[in-house]
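As a plain string of letters, each chain reads:
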There are 2 protein chains.
Amino acid sequence: MAKEKKLVEAITSMEEDFAQWYTDVVKKAELVDYASVKGCMVIKPAGYAIWENIQKELDRRFKETGVENVYMPLFIPESLLQREKDHVEGFAPEVAWVTHGGLEPLQERLCVRPTSETLFCDFYARDIQSHRDLPKLYNQWCSVVRWEKTTRPFLRSREFLWQEGHTAHATAEEAEERTIQMLNLYADFCEEVLAMPVIRGRKTDKEKFAGAEATYTIEALMHDGKALQSGTSHNFGDGFAKAFGIQYANKENKLEYVHQTSWGMTTRLIGAIIMVHGDDSGLVLPPRIAPTQVMIIPIQQKKAGVLDKAYEMKDMLKGFRVKVDDTDKSPGWKFSEAEMRGIPVRVEIGPKDIEAGHAVIVRRDTREKQIVALDELTQKVEETLDAMQKDMLERARAHRDAHTYEAHDFAEFKDIVENKPGFVKAMWCGDEACENMIKEETGATSRCMPFKQEHLSDTCVCCGKTAKTMVYWGKAY
Amino acid sequence: MAKEKKLVEAITSMEEDFAQWYTDVVKKAELVDYASVKGCMVIKPAGYAIWENIQKELDRRFKETGVENVYMPLFIPESLLQREKDHVEGFAPEVAWVTHGGLEPLQERLCVRPTSETLFCDFYARDIQSHRDLPKLYNQWCSVVRWEKTTRPFLRSREFLWQEGHTAHATAEEAEERTIQMLNLYADFCEEVLAMPVIRGRKTDKEKFAGAEATYTIEALMHDGKALQSGTSHNFGDGFAKAFGIQYANKENKLEYVHQTSWGMTTRLIGAIIMVHGDDSGLVLPPRIAPTQVMIIPIQQKKAGVLDKAYEMKDMLKGFRVKVDDTDKSPGWKFSEAEMRGIPVRVEIGPKDIEAGHAVIVRRDTREKQIVALDELTQKVEETLDAMQKDMLERARAHRDAHTYEAHDFAEFKDIVENKPGFVKAMWCGDEACENMIKEETGATSRCMPFKQEHLSDTCVCCGKTAKTMVYWGKAY
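Read on for a plain summary of the structure.

What counts and how
- Numbers given for residues are sequential positions, taken from 1 along each chain in its written order.
- Labels are handed out in written order, letters beginning with A for the chains and numbers beginning with 1 for the ligands.
- With pLDDT at 70 or above as the cut-off, local features in this predicted model cover only qualifying residues; side-chain atom pairs require 80 or more to be listed or tallied, and sums for whole chains, interfaces and linings still use all residues.
- Water and hydrogen atoms play no part in the side-chain values, which are based on all heavy atoms of the structure.
- The copies were overlaid by least squares, fitting only the C-alpha atoms of residues that reach a pLDDT of 70 or more in each copy.
- Relative accessibility decides the category of a residue: with a 1.4 Å probe and only protein chains considered, values under 20% of the type maximum give buried, values over 50% give exposed, and everything between is partly exposed.
- Helix and strand assignments follow DSSP, with helices taken as H or I runs no shorter than four residues and strands as E runs no shorter than two, numbered in order from the N terminus.
- In this scheme, strands are said to pair when DSSP sees at least two bridges between them.
- In this tally Asp and Glu are treated as negative and Lys and Arg as positive; neither His nor the chain ends contributes.
- For this analysis, a salt bridge means a side-chain nitrogen from Lys or Arg found within 4 Å of a carboxyl oxygen belonging to Asp or Glu.
- N or O atoms within 3.5 Å of each other form a polar contact, as long as, within protein, one can give a hydrogen and the other can take it, and as long as residues adjacent in sequence are counted only when both atoms are side-chain atoms.
- Here a residue-residue contact requires only that any non-hydrogen atoms of the pair lie within 4.5 Å.
- By definition, the buried area sums, over both parts, the 1.4 Å-probe accessible area that each loses when the two are put together.
- When the centres of two rings from Phe, Tyr and Trp lie within 6.5 Å, Trp using its six-membered ring, the rings pair. Their planes under 30 degrees apart give stacked, over 60 give edge-to-face, and anything left gives tilted.

Observations concerning the relation of the copies chain A and chain B
So, step 1. For the pair chain A and chain B, the best superposition has an RMSD of 0.0 Å and corresponds to a rotation of 180° with a translation of 0.0 Å parallel to the axis. In symmetry terms, the pair is related by a two-fold rotation axis. Looking at the rotation axis and the C-alpha trace of chain A, the residue lying nearest is Val98(A), at 2.1 Å.

Describing the pairing of strand S8 (residues 159–169) of chain B
Residue and element names in this part refer to chain B.
So, step 1. Among the 11 residues of S8, 11 are classified as buried, and the element is accordingly described as predominantly covered.
So, step 2. A two-sided burial pattern is seen for S8, the buried positions comprising Glu-159, Leu-161, Gln-163, Gly-165, Thr-167 and His-169 on one face and Phe-160, Trp-162, Glu-164, His-166 and Ala-168 on the other.
So, step 3. Pairing of strand S7 (residues 136–145) with S8, which is carried by 10 bridges, proceeds in the antiparallel orientation. Residue pairing for S8: Val-144 is matched across the bridge by Phe-160.
So, step 4. Relative to strand S14 (residues 259–266), S8 is paired through 8 bridges, and the arrangement is antiparallel. When the bridges of S14 are listed, His-169 appears paired with His-259.

With respect to the side chain of Asp353(A)
Residues and elements named next belong to chain A.
So, step 1. Mapped onto the fold, Asp-353 is located in helix H12 (residues 351–356).
So, step 2. Nearest to the buried, unbridged Asp-353 among oppositely charged side chains is Lys-352, at 9.0 Å.
So, step 3. Here the side chain of Asp-353 touches Gly-350 through a polar contact of 2.8 Å, landing on its backbone nitrogen.
So, step 4. In this view, Asp-353 contacts Glu-348, His-358, Ala-359 and Val-360; residues no more than four positions away in its chain are not counted.

Here we look at the pattern of salt bridges
So, step 1. This structure, assessed with the given rule, holds 76 salt bridges over all chains.
So, step 2. Arg132(A) is the salt-bridge partner of Asp328(B), the closest N and O atoms lying 3.0 Å from each other. Of the two residues, Asp328(B) sits in the loop between strand S16 (322–324) and helix H11 (331–340) while Arg132(A) sits in the loop between helix H6 (117–127) and strand S7 (136–145), which places them in two different chains. Each member of the pair Asp328(B) and Arg132(A) is classed as exposed.
So, step 3. Across the salt bridge formed by Glu148(A) and Arg156(A), the nearest N and O atoms sit 3.6 Å from each other.
So, step 4. Take Glu148(A): its relative accessible area is 16%, and that puts it in the buried class.

Thoughts on the interface of chain A and chain B
So, step 1. Each partner contributes to the interface: chain A provides 52 residues, whereas chain B provides 52 residues.
So, step 2. Buried surface at the junction of chain A and chain B, both sides included, amounts to about 4300 Å², of which 60% is carbon and sulfur.
So, step 3. In terms of surface lost to chain B, no three residues of chain A exceed Pro45(A), Tyr71(A) and Phe75(A), which account for 14% of the buried area on that side.
So, step 4. Counting across the chain A and chain B interface gives 8 salt bridges.
So, step 5. Of the charged contacts in the structure, one is a salt bridge between Lys63(A) and Glu52(B), with a shortest N-O distance of 3.0 Å.
So, step 6. Top contributing element to the side of chain A that touches chain B by residue count: strand S5 (residues 96–101) of chain A, with 6 residues.

A look at the packing of aromatic side chains
Residues and elements named next belong to chain A.
So, step 1. Counted under the stated rule, the structure contains 38 aromatic pairs over all chains.
So, step 2. Aromatic side chains Trp-51 and Trp-141 sit 5.8 Å apart centroid to centroid with 75° between the ring planes, which places their arrangement in the edge-to-face category. Of this pair, Trp-51 sits in helix H3 (residues 45–64) while Trp-141 sits in strand S7, and the two are 90 residues apart along the sequence.
So, step 3. Residue Trp-51 is classed as buried on the basis of its relative accessible area, which comes to 2%.
So, step 4. Residues Phe-410 and Phe-413 carry aromatic rings whose centres are separated by 6.2 Å and whose planes lie at 40° to one another, so their mutual orientation is tilted. Highlighted residues: Phe-410 and Phe-413, both in helix H14 (residues 410–419), separated by 3 residues, approximately one helical turn.
So, step 5. Three or more aromatic residues link up through ring pairs in this structure, and these residues are Trp-51, Phe-62, Trp-141, Tyr-186 and Trp-263.

Now the structure itself:
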């Protein structure tokens, strides 16, 4: 019992200190360990298995749209990184530089890729000749490095895992269409699989990607009312194509520049899952992404027949991802551990249950208990997982809606940001000066100009001049 | 027709210049492109899809033995790399060094992982406390960097993709058992999936991994008679555990050192597939690993009904990985292209075939043509793929056996190495001096001491002293 208490006590409550709660969950749910290089992380099996499920599902969705996977080198020569002016300005200050190979200094230093636009462009310039070569719909799964000053597991680390899609198209229209298509794919994935509602919109020029003509984003609201940028999709127009000389012969055999896009999602999503769904007992995993969906926990497992029944139930439930916790820990300890790890459903089975021909199933999010006949087990588990997936999305949506405010003037804006953590919807004139002032005075940044626009007033919340757009603002991770 | 000729003409014949043939296939089958960093490669969709299939199948086999995936950082601090003496001596001369993060010089330089033993050990030292924490059966899929002087796509490159398994066990016996288990898993995979027969054996001390107590290997013979080390599995004993202080409390609560293993396979396997199975028309892919198993090629596709029939056949063959080549190239060009890419079966369908209710299927390896009734198509394709997979293994085995020789004295040994490319079996006294002399005088290295020993004579092929072991020797990639 002392040990069980320790497991539970070790988590700070969310209300008391959300940042500490996050760190505790990440550690106690055994998602990551810190590495000997500051700001890098070891992703442990429980964390990596979530990433594998994210990969599998996203990769399937990508391929359905015609995307093919490739692999580009880890290193970018300095001269290549410098080819596109805005891009190098955005990334050069935060890259890691390789200066020696073996015992020799390199003639030109190489950066460890912070993102691979320049590598894809260099490749496309050689690989694309004709309109028959288009579109190119390539993606890669890899790690990237950005030398961040302050780091937190999953949310901001010096190395992280991601996918980066890079496409090349014959026309500006096709590129724009692909940019939006991938943003919508991301948004659907977040809602359908991660049970995480997102706002779809466009970044302001100040917040867009270095080198992009337009950046689109999905923004999610965490439990503490802070925003998390959860995926971005960029339209580069022909800017990179001109910088790298990527041209194709059109049907009339005239040379034209291609139009490009890129889009990415990262291990940051694991941080989002934690902060959208977690509670004071630990992680709560949406059933569709949970590496283990059902944990069977035998009670009095040394009694004859209990473990056998547990394994038999595992076989019955073979359509799900199921484990039996047959370790020699106490049931109470196992309950806490399964909760900490966010396993959606636990099934308890002991001698009395076996006698009665039933089992107890407990939902992780609501802790609702049901006694179910063994011959209905499969059906009830399926219903419970489905209901939980659905309810988690609705609960997250309700939380987000309850923490989304409207500000009509700057005083109201400041008051909301200071006292009511969440999204603030407010009108904006389109001037970067207002964006800068809002950030300076409140700490909130423009999250996006949502596709679903609302007309809250005629004037900019900051300067009072004519408003152009409604913007979602918020403090962000 | 000029274009078709060009595609075929561009490949050097294997007999004429095997190295050039290899380079041509790699390029013409669109597996890789060269990158702007010397010695690194861009893996294109056709190459990466082979790697994805290798990953999927190996990963499934790993997980069946209880292995879990994790992710370790890309960087190793210099002090960590230096912790195990043999290991650092083996790797330090060929690592890439990061010396700057952003605009600042680093306090300690970091190497880009050439392999991750030191990272896993550093982690295990924190993560393992009790016998209950054992075994640890971890694996990661990632890229590694080794600053090689001479490079060739897939075979030797400065960056390559691989998996590296790292396990920790309570006893020496368990570690040895796991080392052999993974070697056998690798060998079975090569034979069953890649249709590539391998010799299973142990490396001599001279050839073993830096820091290992024993290295086991699988060695395959390429078409040109050179050997390729295709996978290795290392038993570290408790050497790393002592260097990194990885101890666990046993059941009597006494501290003991763990015993460790590591094992890896790489994108080199793609090079092996090319060099074992390829021919003068390009790549020949074993059906089980081929990203596209069947290419349907419509003849006179502009005639009414032809393309529809082709798509209908694709649906009929949905149990396989099938594509329809509906581009506007000529059928002859499509045939050459499908051959170059090694697609196991092509199906030809034209107006006359439709009228007759049949199709033509052509096997890539033998070019055997069959006319098959449409209602038997699925069955015939399945039979053809199965037969091809089996025959490819047998053909490769026959080739290897026909190029495996026995040498009973040094003159015979030299003669074989000089005149008959292949494996040489010969007895060895166990002295490294003989190994060195053989390498100096013939260019052949010891490939392995095979598990299946044969007694060829009583004396070492080099020095004439008492022989201990039979060794496979050969020139190697």
